[in-house]
Amino acid sequence: MTAKLSFCKASMPVSDRVKDLLGRLTLQEKIRLLVNNAAVVPRLGINGYEWWSEALHGVSNVGPGTKFGGAFPGATSFPQVITTAASFNATLWEAIGKVVSDEARAMYNGGAAGLTYWSPNVNIFRDPRWGRGQETPGEDPVVAGIYAASYVKGLQGNNGDRLKVAACCKHFTAYDLDNWNGVDRFHFNAKVSKQDIKDTFNVPFKMCVKEGHVASVMCSYNQVNGVPTCADPNLLQKTVRGQWKLNGYIVSDCDSVGVYYNTQHYTSTPEEAAADAIKAGLDLDCGPFLAQHSEGAVKAGLLKETDVDSALANTLTVQMRLGMYDGEPSAQPFGNLGPKDVCTRSHRELALEAARQGIVLLKNRGPSLPLSHRRHRTVAVIGPNSNATVTMIGNYAGVACRYTSPFQGIGNYAKTIHQMGCADVACVDDKLFSGAIEAARQADATVLVMGLDQSIEAEFKDRTGLLLPGRQQDLVSKVSMASKGPTVLVLMSGGPIDVSFAKSDPRIAAIVWAGYPGQGGGAAIADVLYGATNPEGKLPMTWYPEDYVSTLPMTDMAMRSSQNRNYPGRTYRFYKGPVVYPFGYGLSYTNFVDIIAGAPKVVVVPLDGRHHSGNTTVSGKAIKVNHAKCNRLSVGLQVDVKNTGSKDGTHTMLVFSTPPAGSWAPRKQLVAFTKVHVPARSQQRVGFNIHVCKFLSVVDRSGIRRIPIGVHHLHIGNVKHSVSLEAATLGVIRS
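Bear in mind the structure is a predicted one, so any value in this text is a computation, not a measurement. (Residues numbered from 1 in each chain as written. Predicted model: local features only at pLDDT ≥ 70, side-chain atom pairs only at ≥ 80, totals over all residues. Heavy atoms only, no water.)

1. So, the packing of aromatic side chains
Here is the rule we go by: Stacked, edge-to-face and tilted are the three classes for Phe, Tyr and Trp ring pairs, Trp counted by its six-membered ring, which pair at centre distances within 6.5 Å; planes under 30 degrees apart are stacked, over 60 edge-to-face, the rest tilted. Under the DSSP-based scheme used, a helix requires at least four consecutive residues in state H or I and a strand at least two consecutive residues in state E, with every element numbered from the N terminus. Note on exposure labels: buried denotes an accessible area under 20% of the residue type's maximum, exposed denotes more than 50%, and partly exposed covers the range between, all computed with a 1.4 Å probe on protein chains only.
According to the stated counting rule, one finds 26 aromatic pairs in the structure shown. Taking the centre distance of 5.0 Å and the plane angle of 65° together, the rings of Trp51 and Tyr249 count as edge-to-face. Residue Trp51 is found in the loop between strand 2 (49-50) and helix 3 (81-85), and its partner Tyr249 is found in strand 10 (residues 249-252); the two are separated by 198 residues along the sequence. Look at Trp51 and you get buried, because its relative accessible area is 1%. Ring plane angle 70° and centroid distance 5.7 Å describe the contact between Phe172 and Trp244, whose orientation is recorded as edge-to-face. Of this pair, Phe172 sits in strand 3 (residues 169-172) while Trp244 sits in the loop between helix 8 (234-243) and strand 10, and the two are 72 residues apart along the sequence. Taken individually, Phe172 and Trp244 each receive the classification buried, so the pair is uniform in this respect.

2. Notes on a positive patch on the surface
Heads up, the rule is: A residue counts toward a patch only above 30% relative accessible area and without a salt bridge, and it is joined to like-charged neighbours within 9 Å or, for Val, Leu, Ile, Met, Phe, Trp and Tyr, to nonpolar neighbours within 5 Å. Reported accessibility uses the Shrake-Rupley method at a 1.4 Å probe radius. Residues are deemed covered only where the shown protein chains occlude them. Take a side-chain nitrogen of Lys or Arg and a carboxyl oxygen of Asp or Glu: if they are within 4 Å of each other, that pair is a salt bridge. None of His or the chain ends enter the tally, which takes Lys and Arg as positive and Asp and Glu as negative. The atoms used to mark charge sites are NZ of Lys, CZ of Arg, CG of Asp and CD of Glu.
A cluster of basic residues, Lys198, Lys206, Lys210 and Lys245, forms a positive patch on the protein surface. Note that Lys210 resides in helix 7 (residues 203-210). Lys210 gets classed as partly exposed once you look at its relative accessible area, which sits at 40%.

3. Section: the domain arrangement of the protein
Let me state the cut-off plainly: Note that the domain bounds reflect an automated or database-derived domain assignment. In what follows, residue pairs with any heavy atoms lying within 4.5 Å of each other are defined as contacts. The quantity reported as buried area is the accessible area (1.4 Å probe) lost by two parts once they are put together, taken as the sum for both. Counted as a polar contact is a pair of N or O atoms within 3.5 Å, where, for protein atoms, one must be capable of donating a hydrogen and the other of accepting one, and residues adjacent in sequence contribute only when both atoms are in side chains.
As assigned here, the protein comprises domain 1 (6-341), domain 2 (357-565) and domain 3 (592-728). For domain 1 versus domain 3, the separation of C-alpha centres amounts to 34 Å. Every contact between the two is made by 15 residues of domain 1 and, on the other side, 14 residues of domain 3. Roughly 1300 Å² of surface becomes buried between domain 1 and domain 3 when both sides are summed, with 61% attributable to carbon and sulfur atoms. Contact with domain 3 buries surface across domain 1, with Phe88, Gln195 and Lys198 losing the most and accounting together for 44% of the total. For the pair domain 1 and domain 3, the interface holds one salt bridge. Residues Lys694 and Glu211 are paired through a salt bridge, measuring 2.3 Å at the closest nitrogen-oxygen approach. Remark: the boundary between domain 1 and domain 3 carries four residue pairs in polar contact (both at pLDDT 80 or more). Of all the secondary structure elements, the ones that give two or more residues to the side of domain 1 that touches domain 3 are helix 5 (141-156), helix 6 (194-201) and helix 7. Of all the elements, helix 6 adds the most residues to the side of domain 1 that touches domain 3, at four residues.

4. Observations concerning the nonpolar core
Spelled out, the test is: Nonpolar core, defined: a set of buried Ala, Val, Leu, Ile, Met, Phe, Trp, Tyr and Cys residues in which side-chain atoms within 4.5 Å join the residues together.
Counting 112 residues, the largest nonpolar core has Leu21, Trp118 and Val214 as the members making the most contacts within it. Residues lining this core come from more than one domain, with at least three contributed by each of domain 1 (6-341) and domain 3 (592-728). Beyond its immediate stretch of four places on either side in the chain, Leu21 contacts Phe7, Leu44, Ile46, Leu316, Met320 and Tyr325. Ranked by size, the runner-up nonpolar core spans 82 residues in total, among them Ile197, Met492, Phe501 and Ile508.

5. A look at unusual backbone geometry
Cis geometry marks the peptide bond from Lys170 to His171, where omega comes out at 0°. For His171, the location among the structural elements is in strand 3. Along the chain, Leu369 connects to Pro370 via a cis peptide bond; the corresponding omega equals 0°. Mapping Pro370 onto the fold places it in the loop between strand 11 (360-364) and strand 12 (378-382). Of note, Asn181 is a non-glycine position whose phi angle comes to about 55°, a positive value.

See the structure below:
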């Protein structure tokens, strides 16, 4: 940055350096630092900086902060987040973050990238039609929160207050509609209850800030209950910075401030819009609006210069924690990273392993999979995604190091006959059907690689329904009728697909969901089909039938079902209707049996003693979490896992809790997950500690988190254990 001014002295405390720098800047200079393309300050030797870079599942070329080419022609492109989430492997999520930050730092050192990455996306996949659901860890708030904290830790490193790169959890909050039925994200007012905000939408963000210690949170385009999120002090100042103690900056989604002035007409002047944003707690504008109108807001008395200082203090602090004022990149921490550290063999192998762990086996009749090298020597590889490359990396991706398509991957195991069957995923006609049908007649096995791509589901493109597009279903049915050997349906998609026809068709031997499996996706698919990998993924979202969305507006934000208004509810936690495949579903090539080896039948919840008599809820059967001594209060669970099959495998264990019946409690909720590798015909013991206040609590209609007293049923697979939570004293607590 510059020579020996005080703010450049790395030995000084960051807060002193920030104060020193702020004292040297004029108001005009400050205001030009409030936007993503922060201006150069030549008289202080401060270079311009582009804040906007993305790293959703690898260093991305979305955003002007990153440039591929020259010494950095590509970066490792991991599976799309929805696929990686299906691994239910927090260790893997952190490992991916570490690799991505290695490559990001290397590119920064080479002048090809910044150090501030606006990832991950931890919104809830509330509606199966959402085009950006693919970017998220799925529909469960706890999974999304653990994913957020794990990936952020991998990105930001573990060097105390110093940052390797600065991550950002987005889009805060209740953002999960892009463009549906004439309603778009720029105009949408999400009407959300206190209960659903606390219970669902804010959970991943809270965990990202409090457990992941993320350096940034991004507010969204939409309004929540009539207030734009980027102008809401209750959300930004009070919640993110006040209650959760964000140590970092708050940034707008790109041009959000301009959107709420120009499109939502939330304020009558642009100066009021700028003042509202900064006073609400916004520190950085992705877009030009604050640079254009903040000085006018100060002159009009709507904003104080100290408000601008407060915003800048947060962004400058993050830059200094990154080492950006400590001299040339080579002199900074991680200054040794360069082109040799991008697309390395170990990074490419991790991308392949992530795809293997995220692939979900949905059907295996017979069983028909894995395919046999001896019996299935010739394989017909058919479908619009059969030779996919760019499709496999989904959106918010970069330039991949290299690709292995499904056709190439299967070609490493068998002789292949390749036919597209459909020109693309839209599959508008049957002109290519005959070649595909003939290939299936000749081959020993047929693999159909079907599904979606970014032309069907994407940012600003929500789906209208859940069926396979165009004539895809017709192709699958005709090919399976003609196939000489087993027919395997492989699906690429971010969102769920109603494949009820294939689930019930005995001619379709197996169904595999690969999500968008990243640069090595074709190799991972082939490894699963041929049994080199035993599938271990579980669905991170419910697969609904098409009927579910036929009368359900995307704009209805309510999570809970309502008989009165014939409303089905959303996600496995609240929806009770029929499904194609449930959340957490996934088969293996072996068989696991869970046996509870040890668990308490009663757990006493101690009260903190500062609250006195009164009632806890209307029914008097729940304790406010903040009235309990939470600390390390947990339910210890010991589970023996037996692999009774003939193949080694990894068991992905999901523990659910059904709380005592109550109209505002979920049907069930995920309270723990882990993975354990168990060799064939052997047994492993797995321990869980389920934090009572965090995971066995529920949120009431007023948005207050409470621990229901009574019997909680814990489920692991087909096994159930009941534990009774009891208050330490019979005296109840005043609400």
